[in-house]
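# Per-entry structural report
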Amino acid sequence: MNRFALLVVMLAMLQGCAYKTAEKKAVLVSDCEIFQSQSFMKKVPVLVQLADSHRDLCHALQQFSLSSGLSESELEWLSADERFTVLQALVSNSHQHPENHFADSLWHYVNEDNFVCRQPVYAAYFADRYGAQLNYESCPKMVPFYLLDTHLGGHLVQISPDNVREIHVTFASEGDSFASSFGHVSIRLVVCPDASSTIDACQKNLFNHIFLGYVARIDEFSMNPLKGVFGGYDAHLAGATFMETYRSNTLVSDRNVFSLPLVLSQSQVEQIVRELSEIHWRFRGEYRFFTNNCATLLQDMLNLVFTPEGSTTPDFTFMRPDRFFNALKNSSMVRAEVLSSLDEAESNGYFFSSNANYYQQAFLSLTKSVQTYPFPSLNAYARTPAPNRLLALLSNDDVYFQLTQNDNFVEAQVLIEERQLIKTQYNLIKTVAKLIDETQLLTRLKNAIQLLDKPEDRRLLQRCYVYPLMQVEADIPRFAGIPYGLELGEFDNDDKVECQSLEAHKVMSLVVHRLLPKNHALLNQVAVLEQELEQTFDNIETLKELL
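Criteria and thresholds
- Residues numbered from 1 in each chain as written.
- Predicted model: local features only at pLDDT ≥ 70, side-chain atom pairs only at ≥ 80, totals over all residues.
- Heavy atoms only, no water.
- Helix = DSSP H or I, 4+ residues; strand = E, 2+ residues; numbered from the N terminus.
- Buried < 20%, exposed > 50% of the residue type's maximum accessible area, 1.4 Å probe, protein only.
- Contact = heavy atoms within 4.5 Å.
- Areas by Shrake-Rupley, 256 points an atom, 1.4 Å probe, with all protein chains shown as cover.
- Pairing = 2+ DSSP bridges.
- Polar contact = N/O pair within 3.5 Å; in protein donor to acceptor, adjacent residues only side chain to side chain.
- Salt bridge = Lys/Arg side-chain N within 4 Å of Asp/Glu carboxyl O.
- Arc of directions from axis to C-beta.
- Axes fitted to C-alpha atoms, helices over the stretch in contact; angles between N-to-C directions.
- Parallel < 35°, antiparallel > 145°, perpendicular 65-115°, else oblique.
- Left-handed = near helix turned anticlockwise from the far one by under 90°.
- Nonpolar A, V, L, I, M, F, W, Y, C, P; charged D, E, K, R; others polar.
- Core = buried A, V, L, I, M, F, W, Y, C linked by side-chain atoms within 4.5 Å.
- Disulfide = S-S within 2.5 Å.
- Phe/Tyr/Trp six-rings, centres within 6.5 Å; stacked < 30°, edge-to-face > 60°.

## Considerations on the overall build of the protein
Counting secondary structure elements, the protein contains 24 helices and nine strands. Across the 547 residues that make up the protein, the buried fraction comes to 54%. For the protein, the share of sequence-separated contacts (at least 6 apart) that also reach a separation of at least 24 residues comes to 74%. Total accessible area computed for the protein in this model is approximately 24300 Å², and 51% of it derives from carbon and sulfur atoms.

## Here we look at the pairing of strand β4 (residues 184-191)
Summarising burial for β4: eight of the eight residues are buried, a large majority. Burial along β4 is two-sided: the residues His184, Ser186, Arg188 and Val190 and Val185, Ile187, Leu189 and Val191 are all buried. Where strand β3 (residues 164-172) meets β4, eight bridges bridge the pair, whose relative direction is antiparallel. Across the sheet, residue His168 finds its bridge partner in β4, namely Arg188.

## What to know about the environment of Ser331
Following the sequence through the fold, Ser331 ends up in the loop between α14 (321-329) and α15 (342-348). There is a polar contact of 3.2 Å between the side chain of Ser331 and the backbone nitrogen of Met333.

## Looking at the pattern of salt bridges
Scanning the entire structure with this criterion turns up 14 salt bridges. One salt bridge connects Arg274 with Glu270, and the closest N-O pair in it is separated by 3.3 Å. With Arg274 and Glu270 both in helix α12 (residues 266-282) and four residues apart, the pair spans about one turn of that helix. What makes Glu270 partly exposed here is its relative accessible area of 21%. The shortest N-O distance in the salt bridge between Lys544 and Glu418 comes to 3.9 Å. In this pair, Lys544 sits in helix α24 (residues 521-544) while Glu418 sits in helix α20 (residues 407-438), placing the two residues 126 residues apart along the sequence.

## Here's the deal with the side chain of His209
The residue His209 is located in the loop between α9 (199-204) and β5 (210-217) in this model. A polar contact is formed between the side chain of His209 and the side chain of Arg188, at a distance of 3.1 Å. In terms of polar contacts, His209 uses its side chain to reach the backbone carbonyl oxygen of Cys202, at 2.7 Å.

## Notes on helix α5 (residues 82-91)
Within the sequence span of α5, burial applies to Arg83, Phe84, Leu87, Gln88, Leu90 and Val91. In a view along the axis of α5, the buried residues occupy a sector of 165°, so they form one face of it. Along α5, the residues that are exposed and aim more than 90 degrees away from the buried face are Glu82 and Ala89.

## Quick word on the packing of α20 against α24
For the pair α20 and α24, the least separation of the axes is 9 Å and the interaxial angle reads 160°. Classified by the angle between their axes, α20 and α24 sit roughly antiparallel to one another. For the pair α20 and α24, the crossing hand works out as left-handed. Taken together, the residues that form the contact of α20 with α24 break down as 14 nonpolar, nine polar and seven charged.

## Section: the pairing of strand β1 (residues 143-148)
The buried fraction of β1 amounts to five of the six residues, a majority that puts the element mostly inside the structure. Inspection of the sheet shows β1 paired to strand β2 (residues 155-159) by five bridges, in the antiparallel sense. Its bridge partner lying in β2, Phe145 is registered against Val157.

## Details of the nonpolar core
The nonpolar side chains of soluble globular proteins are, as a tendency, buried together. Of all hydrophobic cores here, the largest spans 73 residues; its most connected members are Leu106, Phe126, Phe145, Ile167 and Leu189. With seven residues, the single largest contributor to this core is helix α8 (residues 120-130). Counting residues in hydrophobic clusters, the runner-up holds 62 residues, among them Val414, Ala448, Leu460 and Ile540.

## Digging into the state of the cysteines
In this structure the tally under the stated criterion is three disulfides. Put simply, Cys192 and Cys202 are joined by a disulfide, and their sulfur atoms are 2.0 Å apart. Looking along the S-S bond of the Cys192-Cys202 disulfide, the torsion reads about 105°, which is the right-handed sense. Placement of the pair is Cys192 in the loop between β4 and α9 and Cys202 in helix α9, with a sequence separation of 10 residues. The buried category is assigned to Cys202, whose relative accessible area is 0%.

## Things to note about the packing of aromatic side chains
Scanning the entire structure with this criterion turns up 22 aromatic pairs. Ring geometry for Phe211 versus Phe242: centroids 6.0 Å apart, planes at 40°, classification tilted. One end of the pair, Phe211, is in strand β5; the other, Phe242, is in helix α11 (residues 242-252), with 31 residues separating them in the sequence. Pair check on accessibility: Phe211 and Phe242 agree, each one buried. Ring geometry for Trp281 and Phe479: centres 5.7 Å apart, planes at 75°, overall edge-to-face. With Trp281 in helix α12 and Phe479 in the loop between α22 (455-473) and α23 (502-515), this pair connects stretches of sequence that are 198 residues apart. The burial state of Trp281 is the same as that of Phe479; both residues are buried. Counting every residue linked through ring pairs, the aromatic cluster contains Phe84, Phe102, Tyr109, Phe115, Tyr122, Tyr125, Phe126 and Tyr130.

Structure below.
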């Protein structure tokens, strides 16, 4: 089960999504001397009011203002409540005691002007609890996400929350692997061309949509079921492009993807986008397949966001992503009507069907056109090596006649050959990743890349292999909030690369072969896949020349 589902959990952090601020009253004069500070008046007005009549609180805040932090307090007003504890679990990479973490965070909230920009999760919480106004007018207009894409590599994107029109909870149907046996849930940011775009234009702007999901940081590149169940993997909120999510689910894994828009105001959307960015760069938790997974983390966030204080909205407590998503469809949190007709949903961008049926239809059209078609099934076609596939097609007189006379036949044949190309590309990337892991090659690889003569080769391998593998194998650099400016220097690459090009695979192969003995078993597997990939490219070009 992919950790994409964890995205929703982040929404729970959205405690700031539905602000329920305490009654705000202007406080002009205070008997508590410390409140000559405009920072206190602006950031914690409720505490200012209470301190006038509670000397113990006044004394505690005087001590607070004179030090760089606030020690653990028994005062209810200065102690972590249940909601803060939930927030800390959702956003923090720290095992610090909640009370100490509360005190430290409150101090920074009061004293740092950019706290709201870097830590919108806690800023929303403190503003809500202590009756302050929250706004992002002084903050950078763009927030960063680091996205993975097997074609574009790992790359930094900056989006304006104003350009996000909707936030969806998505569900990818069950897959064949242990980790995806109950499906996977995640978050989709519907990013518009600009703030004034129509919802139709936003839905069609697919190449800029962002998917966020909780995933396990698996340091051996294949999931160990025992560690998945009992603990041992870190969880983090990973980002991916729409096209990567679409390819990996509908093309490679033959899974359907459903997308449900949450019922949110535009101000809630902005708050959630900023909070998701903070979680994306900051959160590190433990992943457990049954009890702390993509679905449970997402539910935690939704429960926090959509349950106003004092109300009794039923909590989501489903351990399985599929059951959670079904319950969500029957709630008032989403616009479930968009999935009432899957045909309409597919036309409108709320449903993305597995491409297995389309490939099967293309294959059946080939077998109906030629009774002697050399492959009995699509699976048989997929199991045949690329050189043998082309030879079998061109040596069959009936097939060759159709290839030279029937463009529809050629297009169907190209389609199923392109399916093999996609699957081979993914298998090659997976095998190279496994090779780098088993040989502990990442550090040596980073050093070897620096010795390449061409700068474009260095950038290509860093974007396509090193940075993405670091997200899986090594700890991603964690920040104490949303990073901006120079902090993002390592990730900021504006140059375009094509990671799935034949040239990219050849450059990577050259470097890996230099670092490993020629008889390494996985290296031989890589070589076989490289030959298969190159021949598949040739097959497609040969077929297209017949059009």
